[in-house]
Structure formats: structure tokens, C-alpha cells
Amino acid sequence: MRILLLSMPDSFEHMPALAIRMPNGALTTLAGNVDPHHDVAVADLILVREKVRQTVERLLVELQPDVVGLSVMTFQRKTARKICELIRAKRPGARIVLGGYDPSLAPEAYACTPPLTADFIVRGEGESCFSELLRALESGGAFDQITGLSFRQGDRFVQNPNRPASALADIKLPRRSARVLTGYTMLGRPIDVIETSRGCTYDCSFCSIIEMRGRNFYTYSIDRVLADIQDARDHGARTIFIVDDNIMLNVRRFEQLCQAIIDAGLNRLEYFVQAMTSSIAKHGATLAPLMRRAGFKYAFLGIENILDEDLKFLRAAAKNTRRENGGQKRNATVQAIEWLHRNGIWVVGGLIVGNPGDTRESIETNLEFARRYVDWPYIQHPTPYPGTPMTKDFEQRDLIASREMEEYDGTTAVVRTEHLSCEEIEFLRWKAERWIKLRHFPKAFWHDPRFVFGHGKDMLAHTFRGSSWKSLLGLEDEHAVFARYKGIRERERKYL
Ligand code: B12
Ligand code: SF4
């Protein structure tokens, strides 16, 4: 069968497509795990944001797919629906399969609303379910035995039982050669994504992972990870983003991986990892120098918040706590940042502001922390994604102000606090973050001089969009600039 797999073009404020265009790792792992006789094409629409409609139409004509699969996050729901309509109009015979976080956790959003967008929804982990679905389609077999699958029967959707998370033993390497578009980049360097593990045993209230796959942690062998990195490199990557949910759950294994990367000479590549502050704080003395030698340049730290009350609400206290010698508990963040900085690793600081009890002062405290400690701010607002404990909490407190899913991108405030409106929350973050980002530009220039030289003006324009000369000279109210920025974001969300 001919299969076309698409990821959505929607990106959010901290991932300007000008500088960062990353592949969606789900699509190539799906491509690598279907039966080998299928003809699979992978198209990341982030690479063609200016011409989504033309590209999808062209691929439908050129590839004549029997099956089109879409990978969708919640803030991409509206775009996904439009792409489904386009597929129905241009290639009515193709079966449409949806997967990823949003269809998995809110299947009803795709199954019930007319026009019925999807024929199938693959819920949770996709490799085996999708492969079994293709076999059933090919052989005319039944769908009701395929766990994790929802399928259309007339006007209704049948939901088969969930499929338990796999232990990863049977998952083959991604098939990167299936990609039909080019242009992945991180500040001008070709980038790719790899996985070393799946799952997490924590239960932060804002995270979708537990609802998606339960609390578990499975790893790939180190040899398999090295083969994946080599394959990414052979396909042109010079920067590797590790997409693991929580690689730090087994620090000993992570250290072994760093050493294996060094031994295999793969440390000439640059790595970007998401890390837990408690692990870095506790093991930083040996771990951070090893990471540096292995090529780690950026670490995304899930700091979430620096105030105890907020950490409690986010259920993120445990992963941000370290024990001192006397047994006393302390926030681990500053210690973790110190270890990373001492070893030349830049910190992307993930913070969540706008939690129910937040006041102007508590938000400012977090923003001040970001100003002082992080290299690149990744500040978000709590967002009620389907199925998370936080969503239930916000519902109960009646704090959800927007049900427009395209606004659920993390940097648009869609829930108010008990003291502040969405507008105020977002304004505070937006106002501070632009200047914190500006401070990182010299470091980015030093790291990627050619890219920043060529695109610095556009990067500045993106960071300060909405601004005018008048506003930069302080002659215009910042709320007017903020309103212009919001207008730009609004227009930008219409991809087709
Ligand atoms: C890595 C990651 C990123 C990377 C993305 C790198 C990349 N290009 O892939 C970065 C840091 C850039 C990122 C950014 C964002 N992310 Co993110 N990210 C993740 C993370 C940690 C892992 C995702 C991953 O790659 N897993 C590995 C792959 C193989 O698994 P998978 O994607 O789940 O795919 C499997 C199945 O879902 C399924 N599947 C997926 N697609 C399809 C399609 C078909 C057709 C089929 C059949 C099956 C299928 O099969 C796959 C294989 O088993 C998750 C989860 C987490 N713990 O936080 C969040 C997560 C996906 N991100 C999320 C969000 C919201 C975002 C942001 C909007 C904001 C933010 N929180 O940072 C931005 C938006 C990015 C953008 N486009 O602008 C949410 C999504 C929630 C939701 N309901 O939509 C998650 C779940 C985190 C959370 N808050 O809970 N993210
Ligand atoms: S530690 Fe990270 S992956 Fe695990 S539940 Fe919390 S946010 Fe999700």
C-alpha cells in the first residue's frame, strides 16, 4: 500500500520556524515499523508552513496514497481537521488515520463532530497498532481485535480496548529515508530527533504522559541508541534532540550512554536533552562534565516553578527537590543550573506561570528567577490538555477561559488565576521574555555566527514582533504592542 504520513505545520512562540524546524519522531518510527513492502512517505509540514495546501495537494497527486496518517497535538486540532477535509476532497478513496496526543486523549473530538474527519484513530503508542491496521486493510480483515484502535462503523466510532505500553524490544529503527521534504534546522545546523527511552514514573499534573501510556519507563539498548544516532548523522544531522519523556530516571544508564557516545566518536555531534533538576543537582559533579564531553550543549530543565505552592499544584515538587547532607529538602534548580553552567551547557528554563493561586508578585518572582539564571526562557502558561489531572482541577475551579484549541499552545494564557485575568498573565510573561531572549543573542552568535549574521535581523524581528520604533523608544504603551503581537499570532494560526 502507499502511505503518506503528515505532521502538522503549527508551531508555537518558542519554536520560531525561522530558526527551529524539527522532525516529528513519531512519523519515521511508524515508517520503520510497518511491513517492508509498503511504500511510505513522511512529510513534516513545519518545513512548508507558507504553502501547506499546495504541498498536501501535490503529495496527494504525486504519491496517490491509499492511507494518509496525521500526527496531531491539541493546539493543532483545527489545522488537522482542515487537512482532513482537503484529503477528503482531493483523494476521497484514501483512508485517514489519526494518531498522537490529541486524537489519543480526545478521540471524541474527531469522531463525533460532523463532518467525520477520520476513518481510524490509533490511540497511544502507534507502531504495532498501525502495522496491524495496515494488515487488516490489505487483507480485508476485521478491525475489532486491534487493541488501541478506534474505527468508524457507519456514523459511529467503535473504541477497542487500550493497548498496553510496549517494552520497546520489538521496535525497529526509524526509517528516515521515507522523508520527502527537506530543511530541518536548529539555528542553521541540520537537526534530527532520536529516542533512548519512553515513559515516566512521575505524575506532574500538567503532563499528558500518564494518561497516554501509564506510569512506566522502558529503555532501548545503548547499541540501538548509537545505531539511531549514526543513522541520523548519516542522514545529515549535526544536532541531535533527544525526545525521551524523562531520560534522567536512570542516571547510571544516562552516564553509560554519554560514555558510549564518546567512545563511538559521536561526540562531534551536538546534543539537546530534556532534564530533571533533581538528578542534575544530585549527580552534577560527575554527570555534567561527562555530558559536556559527550557533546551536550543545551539542556531543557523542567523547573516548572520556583514557589512551593505552585510546585504543589503542578505536582512537580519531587522532581525539583534535592536532599542536603543533613537530610533537609531544598529546591534543586539553582544547584542544577550551576553544574550545567560550570560545564558550558546552556539552560533552556521551562517555567509555568499563571497557576490558580498566582498573583502578579508570584509571577514576577518566577520571571525574575528566569532573568537571573536561565539562558533561554521557555515560559508557559498552564494549559488544560485533554485527560490531565490539571484539566480536571481547572474545570472544578471554573478557571478555564478559552475553549479554542488552537490557543492551547502553551504561550497563550487560556486559564485565569484566582487573582489575574488571562490577558494580564500573558502580558507579564510576554513583556519579560522578549528581553531575556535578547540577552542570549550574543551567545547564539558566538555559537552559530553564520546563521545569526544572516538571520539576526529576522530573529530580532520575531522576538520583538508587534514593536515599533515608537514603542522601542518608550513613546507607546506596551499594551498596544502586546495587542499587535496577539493579532500577529492570531493570523499566523491559519495555515490553510
Ligand atoms: C519531545 C517533545 C517536544 C519537542 C518536539 C521535538 C519534535 N519535533 O518531535 C519540543 C521540545 C520541541 C516540543 C515542543 C512542544 N510540545 Co512537546 N513534547 C515532547 C515529548 C517530551 C515527547 C514527544 C515525542 O517525540 N515522543 C516520542 C514519539 C515517538 O512518541 P509520540 O510522539 O507519542 O508518537 C507515538 C504515538 O503518539 C503515536 N503517534 C503519533 N503520531 C501518530 C500519527 C499516526 C498516523 C499514528 C498511527 C500514530 C501516531 O505513535 C508514535 C509511536 O509510538 C512529549 C511528551 C512528554 N512527556 O512531555 C511532549 C508533548 C508531546 N508536547 C506537548 C506540547 C503541548 C508541546 C508544545 C505545544 C508546548 C510545550 N509544552 O513545549 C510545543 C509545540 C511544538 C511546536 N510544534 O511548535 C504536549 C502535547 C499535549 C497535547 N495534548 O497536545 C506533550 C504531550 C507534553 C505535555 N504537556 O503533556 N515537544
Ligand atoms: S517528569 Fe516530565 S515526563 Fe514525567 S510526568 Fe513530569 S513533566 Fe511529564
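Just so you know, these numbers come straight off a predicted model, no measurement behind them. (Residues numbered from 1 in each chain as written. Chains lettered and ligands numbered in written order. Predicted model: local features only at pLDDT ≥ 70, side-chain atom pairs only at ≥ 80, totals over all residues. Heavy atoms only, no water.)

Undergrad: Is there a simple way to think about empty space enclosed by the protein in this case?
TA: Which parts of space are left empty comes out when a probe the size of a water molecule is rolled across the atoms. For the structure on display, the rule yields four cavities of 30 Å³ or more. Empty space within the second largest cavity amounts to approximately 60 Å³. At the level of elements, helix 1 (25-32) and strand 10 (191-194) are the ones that each hand at least two residues to the lining of the second largest cavity. The greatest single-element share of the lining of the second largest cavity, amounting to three residues, is contributed by helix 1. Partitioning the lining of the second largest cavity into residue classes produces four nonpolar, three polar and three charged. (1 Å grid on protein atoms, 1.4 Å probe; cavity = no way out; pocket = protein on both sides within 12 Å on 5 of 7 lines; lining within 4 Å. Points joined across faces, edges and corners; volume = space filled by probe spheres on them. Helix = DSSP H or I, 4+ residues; strand = E, 2+ residues; numbered from the N terminus. Nonpolar A, V, L, I, M, F, W, Y, C, P; charged D, E, K, R; others polar.)

Undergrad: When you look at a positive patch on the surface in this model, what are you seeing that I'm missing?
TA: A contiguous patch of positive charge, built from Arg53, Lys82, Lys90, Arg491 and Lys494, is present on the exposed surface. Position of Lys90 among the secondary structure elements: in helix 3 (residues 77-90). (Patch = residues over 30% accessible without salt bridge, like charges linked within 9 Å, V, L, I, M, F, W, Y side chains within 5 Å. Areas by Shrake-Rupley, 256 points an atom, 1.4 Å probe, with all protein chains shown as cover. Salt bridge = Lys/Arg side-chain N within 4 Å of Asp/Glu carboxyl O. Lys, Arg positive; Asp, Glu negative; His and termini not counted. Charge placed at Lys NZ, Arg CZ, Asp CG, Glu CD.)

Undergrad: Looking at this structure, how should I read the site of ligand 1?
TA: In the vicinity of ligand 1 lie 40 residues, with Ser71, Thr74, Glu127, Ser208 and Tyr378 positioned nearest. Contacts to ligand 1 include Asp10, whose backbone N or O atom sits 3.3 Å from a nitrogen atom. Interatomic distance of 2.8 Å between a backbone N/O atom of Gly126 and an oxygen atom of ligand 1. Residue assignment for the shell around ligand 1 shows that the elements contributing at least two residues are helix 1, strand 4 (67-71), strand 5 (95-99), helix 6 (127-139), helix 7 (209-213) and strand 19 (376-380). (Near = heavy atom within 4 Å. Polar contact = N/O pair within 3.5 Å; in protein donor to acceptor, adjacent residues only side chain to side chain.)

Undergrad: Even after reading the chapter, I still don't get the nonpolar core, so can you show me in this structure?
TA: Judged by nonpolar contacts, the single largest core of 72 residues is most densely connected at Leu4, Leu6, Val68, Leu70, Ile83, Ile87 and Leu98. Ranked by residue count, the leading element in this core is helix 3, at five residues. Ile194, Val225, Leu269 and Ile337 belong to the second-largest nonpolar core, a separate cluster that totals 59 residues. (Core = buried A, V, L, I, M, F, W, Y, C linked by side-chain atoms within 4.5 Å. Buried < 20%, exposed > 50% of the residue type's maximum accessible area, 1.4 Å probe, protein only.)

Undergrad: Just checking my understanding: could you explain the environment of Pro174 for this structure?
TA: Relative to the assigned elements, Pro174 resides in the loop between strand 8 (156-159) and strand 9 (185-186). A relative accessible area of 16% places Pro174 in the buried class. When the C-alpha positions of Pro174 and Thr28 are compared, they lie 4.8 Å apart, and in sequence the two are 146 residues distant. Discounting chain neighbours no more than four positions away, the residues touching Pro174 are Thr28, Thr29, Gly32, Arg224, Asp228 and Asp231. (Contact = heavy atoms within 4.5 Å.)

Undergrad: When you look at the pattern of salt bridges in this model, what are you seeing that I'm missing?
TA: Note on pairing: side chains with opposite charge can pair once their charged atoms come close. One pass over the full model with this rule turns up 40 salt bridges. The salt bridge partner of Asp35 is Arg135, with a shortest N-O separation of 2.8 Å. Remark: Arg135 occurs in helix 6 and Asp35 occurs in the loop between helix 1 and strand 3 (39-44); sequence separation between them is 100 residues. Looking at Asp35, the relative accessible area reads 18%, which means it is buried.

Undergrad: Got a minute to help me understand the site of ligand 2 in this structure?
TA: What surrounds ligand 2 is the set Cys200, Tyr202, Cys204, Phe206, Cys207, Ile209, Asp245, Asn246 and Lys319. For the shell around ligand 2, the residue count by class is six nonpolar, one polar and two charged.

Undergrad: Whenever I open this one, the side chain of Thr412 confuses me. Can you help?
TA: As for its placement among the helices and strands, Thr412 is situated in the loop between helix 14 (389-397) and helix 15 (422-447). Filtering out sequence-adjacent residues up to four positions away, Thr412 remains in contact with His381, Glu407, Glu426, Lys486 and Arg493.

Undergrad: Honestly, the pairing of strand 8 in this entry has me stumped. Any pointers?
TA: Successive side chains on a regular strand alternate, one facing one side of the sheet and the next facing the other. The pairing of strand 7 (residues 149-153) with strand 8 spans four bridges and is classified as antiparallel. Bridging from a neighbouring strand, Phe151 pairs with Val158 of strand 8. Between strand 7 and strand 8, which follow one another and run antiparallel, lie two residues, and Gly154 among them has a positive phi close to 65°. (Pairing = 2+ DSSP bridges.)

Undergrad: I tried to follow helix 3 on my own but got confused; where do I start?
TA: Residues that lie three or four places apart on an α-helix share one face, since the helix turns once every 3.6 residues. With 14 residues, helix 3 extends 20 Å from end C-alpha to end C-alpha; this agrees with the ideal 20 Å at 1.5 Å per step. Inspection of helix 3 places Arg77, Thr79, Ala80, Ile83, Cys84, Leu86 and Ile87 among the buried residues, and these make up the whole buried set. Looking at the buried side of helix 3, the elements it contacts are strand 1 (2-7), helix 2 (52-63), strand 4, strand 5, helix 4 (101-105) and helix 5 (108-111). (Expected span 1.5 Å × (residues − 1).)

Undergrad: Looking at this model, I keep getting lost on unusual backbone geometry. Mind explaining?
TA: Glycine aside, a negative phi is what most residues show, and trans is what most peptide bonds show. Of note in this structure, Gln64 is not a glycine but carries a positive phi near 45°. Within the secondary structure, Gln64 sits in the loop between helix 2 and strand 4. Even without a glycine there, the phi angle at Leu187 is positive, about 50°. Tracing the chain through its elements places Leu187 in the loop between strand 9 and strand 10.

Undergrad: What is the right way to read the sheet that holds strand 14 (residues 270-275) from this model?
TA: The six strands are arranged 10-13-14-15-18-19 in an open sheet whose pairing can be described as parallel. Edge positions in the sheet fall to strand 10 and strand 19, since each of these pairs with one other strand and no more. Along the sheet, successive strands turn relative to each other by an average axial angle of 20°, direction set aside. Bridge count for strand 14 against strand 15 (residues 296-304) is five bridges, and the pairing is parallel. (Axes fitted to C-alpha atoms, helices over the stretch in contact; angles between N-to-C directions.)

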